[in-house]
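Structure assessment
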Amino acid sequence: MSCDEQTLKENLSKVQSSVVDSLVPWFAKNMPKSYFTNVSPEAQIRHMRALSAQFDHELGEFSKSAGAVSFHSELPNGEYEVTFMQFSGDRIGVISDKLDELSTGEHMGVLSGVMAYTSLDQKLIFDIFTFSPKTVSGGGVIGENLKSYLSALKDAHDKGTEFSDPIKWNPIFEPEKLAAYVARCNPSYVEHTGPRSFLKQYELFEKIAGTEDVALFAEASNLVISKEGTVGAAEAHEGAYWLRLALTNSIPISALRKILRLLKQRGISVERMHLDLVCASNLGPKAKPSSNNVCMMRLFILQPKEPENDWLVKLQRDIKRTKWADDFTMELANRSIQIQEEPEELGIQRAEVITMLSSMLFSMLKSQDAYAFSKTNINNVVKHSRYLRLAAKISNVFITRFDPKSNQTEEDFKSQINALHDEIERDTQEDTVAREVLHRMISTVEYTYRTNLFLEDRYALAIRVDTKLMVPGAYNKPYDRNAPAPVITPGTTPYGVFYVHGRRFNGFHVRFRDIARGGMRLVSPGTSEQLAIEAGRQYAEAYNLAFAQQAKNKDIPEGGSKCVVLVDCCSL
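Report on the accompanying structure.

What counts, and where the lines are drawn
- Residues numbered from 1 in each chain as written.
- Predicted model: local features only at pLDDT ≥ 70, side-chain atom pairs only at ≥ 80, totals over all residues.
- Heavy atoms only, no water.
- Pairing = 2+ DSSP bridges.
- Helix = DSSP H or I, 4+ residues; strand = E, 2+ residues; numbered from the N terminus.
- Axes fitted to C-alpha atoms, helices over the stretch in contact; angles between N-to-C directions.
- Buried < 20%, exposed > 50% of the residue type's maximum accessible area, 1.4 Å probe, protein only.
- Arc of directions from axis to C-beta.
- Contact = heavy atoms within 4.5 Å.
- 1 Å grid on protein atoms, 1.4 Å probe; cavity = no way out; pocket = protein on both sides within 12 Å on 5 of 7 lines; lining within 4 Å.
- Points joined across faces, edges and corners; volume = space filled by probe spheres on them.
- Nonpolar A, V, L, I, M, F, W, Y, C, P; charged D, E, K, R; others polar.
- Core = buried A, V, L, I, M, F, W, Y, C linked by side-chain atoms within 4.5 Å.
- Salt bridge = Lys/Arg side-chain N within 4 Å of Asp/Glu carboxyl O.
- Disulfide = S-S within 2.5 Å.
- Expected span 1.5 Å × (residues − 1).

Some points on the sheet that holds strand β8 (residues 214–220)
Ordered by their spatial adjacency, 8 strands build an open sheet running β3-β4-β6-β5-β12-β14-β11-β8, and the pairing between neighbours is antiparallel. Bordering the open sheet on either side are β3 (68–74) and β8, each of which pairs with just one other strand. Along the sheet, successive strands turn relative to each other by an average axial angle of 15 degrees, direction set aside. Two elements, strand β5 (residues 110–118) and strand β12 (residues 269–279), share 4 bridges in a ladder whose sense is antiparallel.

Regarding helix α6 (residues 175–182)
Of the positions making up α6, those classed as buried are Leu178, Tyr181 and Val182. Mapping the buried residues of α6 onto a view down its axis gives an arc of 100 degrees, with all of them on the same face. Buried residues belonging to α6 abut α5 (144–159), α7 (187–192), α8 (195–208), β12 and β14 (293–302).

Let's talk about the sheet that holds strand β18 (residues 461–465)
Spatially, β17-β18-β19-β20-β22-β21 is the arrangement adopted by the 6 strands of the open sheet, whose pairing is mixed. Looking at which strands have only one partner, the edges of the open sheet turn out to be β17 (448–451) and β21 (516–523). Going across the sheet, the axis of each strand differs from the next one's by a mean of 15 degrees, ignoring polarity.

Points about the layout of surface pockets
Each pocket or cavity is described by its volume, and for the largest pocket that value is around 1,400 Å³. Lining the largest pocket are 38 residues, and of these Glu308, Asp310, Lys314, Arg317 and Asp318 sit closest to its centre. Per-element accounting of the lining of the largest pocket gives the leading share, 8 residues, to helix α10 (residues 311–321). Of the residues that constitute the lining of the largest pocket, the class distribution is 14 nonpolar, 6 polar and 18 charged.

Topic: the side chain of glutamine 549
Tracing the backbone through its elements, the reader meets glutamine 549 in helix α18 (residues 538–552). Judged by its relative accessible area of 17%, glutamine 549 is buried.

Concerning the nonpolar core
Membership of the largest hydrophobic core comes to 103 residues, with the highest contact counts inside it found for Met273, Met297, Leu299, Leu315 and Met441. When residues of this core are assigned to their parent elements, the largest contribution, 11 residues, is made by helix α12 (residues 348–365). Dropping the residues within four chain positions of it, leucine 299 is found in contact with Tyr241, Trp242, Leu243, Leu245, Leu260, Leu263, Val270, Arg272 and Met273. Core analysis: the next-biggest nonpolar cluster, separate from the first, contains 27 residues, Leu150, Phe163, Leu204 and Phe205 among them.

Thoughts on the pairing of strand β19 (residues 496–502)
Consecutive side chains of a regular strand alternate in pointing toward one face of the sheet and then the other. With 5 of 7 residues buried, β19 lies mostly within the body of the structure. Bridging between β18 and β19 involves 5 bridges; their strand directions are antiparallel. Paired with arginine 464 across the strands is phenylalanine 498, a residue of β19. In this sheet, strand β20 (residues 505–511) lies alongside β19 in antiparallel orientation, the contact comprising 7 bridges. Its bridge partner being in β20, glycine 496 is matched across the sheet by arginine 511. In this structure, the hairpin formed by β19 and β20 is closed by a connection of 2 residues, where arginine 504 is found at a positive phi of approximately 70 degrees.

Some points on the pattern of salt bridges
According to the stated counting rule, one finds 33 salt bridges in the structure shown. Here arginine 401 and glutamate 410 are joined by a salt bridge, their closest N and O atoms 2.9 Å apart. Accessibility expressed as a relative area gives 27% for arginine 401, which makes it partly exposed. On the basis of relative accessible area, glutamate 410 is assigned to the partly exposed category, the value being 42%.

A few points about the state of the cysteines
This structure, assessed with the given rule, holds 0 disulfides. The closest cysteine sulfur to the non-disulfide-bonded cysteine 185 is located on cysteine 279, 9.4 Å from its own sulfur.

Examining helix α15 (residues 410–427)
The end-to-end C-alpha distance of α15 is 26 Å, a good match for the 26 Å that 18 residues give at a rise of 1.5 Å each. Those residues of α15 that sit buried are Phe413, Ile417, Leu420, His421, Glu423, Ile424 and Asp427. The buried residues of α15 occupy an angular sector of 165 degrees when the element is viewed end-on, so they sit on one face. Away from its buried face by more than 90 degrees, α15 exposes Glu411 and Arg426. At its buried positions, α15 is contacted by α14 (385–402) and α16 (432–446).

Written out as structure tokens, the structure reads:
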């Protein structure tokens, strides 16, 4: 049978016409208004072309076999855009999974923008990642919409009347200051962000500018997508929230990946999302994104199906910690444990405590057996499903001990310590490494005086321990519960010992008097092998240097002290 070219054209035109007649009305009705506001007409056409290939015009829906579709686009302004489309309304973990699938190259530049949308009928998901050249360009200007909004807000403030939106006048909104900030922003970010949302993010920017902090603001949303695909007021659907974040000195794709993985682990759906970069340099509207930007995120989320009472408070705390928690901590945090009847997430707070205790012990246990208590072996103990439960219980004791709201008595604390020692003995009889590590972890908790665990904006986790724990030779032999209490020897036992664990660094500070002075030594090995060697002798180095400084200071009131900070630069 010969090919009738004209007939093929006519049949194809009919199919395409039917697709357009069905797809376009559906698209216009179900895509949220913000999509048409924020996405350029050219990008909308690209999306429609891709969607038309997946749309069954006879059934009026997307093909069951469509799965997910992705395509890359090089834009006229030099940016690189990657779009993922998924034909399902289940958003839990979708952006996180797509970000993990995303392969980036030098030609793509730096992640500078993210937009995520879900159709109102929950049948289509868009995730759009934008990559820019190696510089962030400002150049934004205050539009008429923002000007009129500010004018009304200022007028309400001056008259002492209530403004229509829940936002208060801030002196930083004065035209001159605001114009300077807007000049740092991408024009599309200024143009397409609602006035109130833009000003709220500006307040977050001002809060953290010039610091290493993370600022976060969460509020119930007045935008709700119902199961029927309609948009209504917040009263119609409890559990819809906007999260607004500002992070300084962060690699956007790394920061975003951690936050999205956390939300996925908690079963929190991200219905919509925006990410933009704001230049934070004082030298002009252009700066390197890797060091002179503030990453601004807006996420529209739905609470978990069975939320805890304080789920949002914990989420905000843990999102802020993602910037400072190291990779091992984040790996542990996502693990599931079973202490009570139901399995539960370990969580970042408990994971931080476990990582801090185990990393401290590595430097102490080397004197007993450098091979048995290698960093790998210690990490394997706390990661093991059998022992992670015990490590979690140890962290629970630590957290309760120093919780400002806790009413725990000293008797209760001692009882928990003894019970854990008994449980460790029962569960680790044949595993001498695990037994020693876990006993020493709970012993460290017992002898800890102070911690900064509950400081909201801390950069690392620090403890001060009783020097009985650090008596010379205390770790040369296996832990013995029945051994006599350590004897403090004046002149050789330090007055105070502090330990700090943070992302890519550990630090010991040793002092021999309450008021002491000395220096700080930074150690940054070039290889992982040398890093392990230095970590194993870190406390000994800090002790010996402080002891030598104490001898030097014998004729002055101040005692000797020293701090040794080990910095992991190997995988940078």
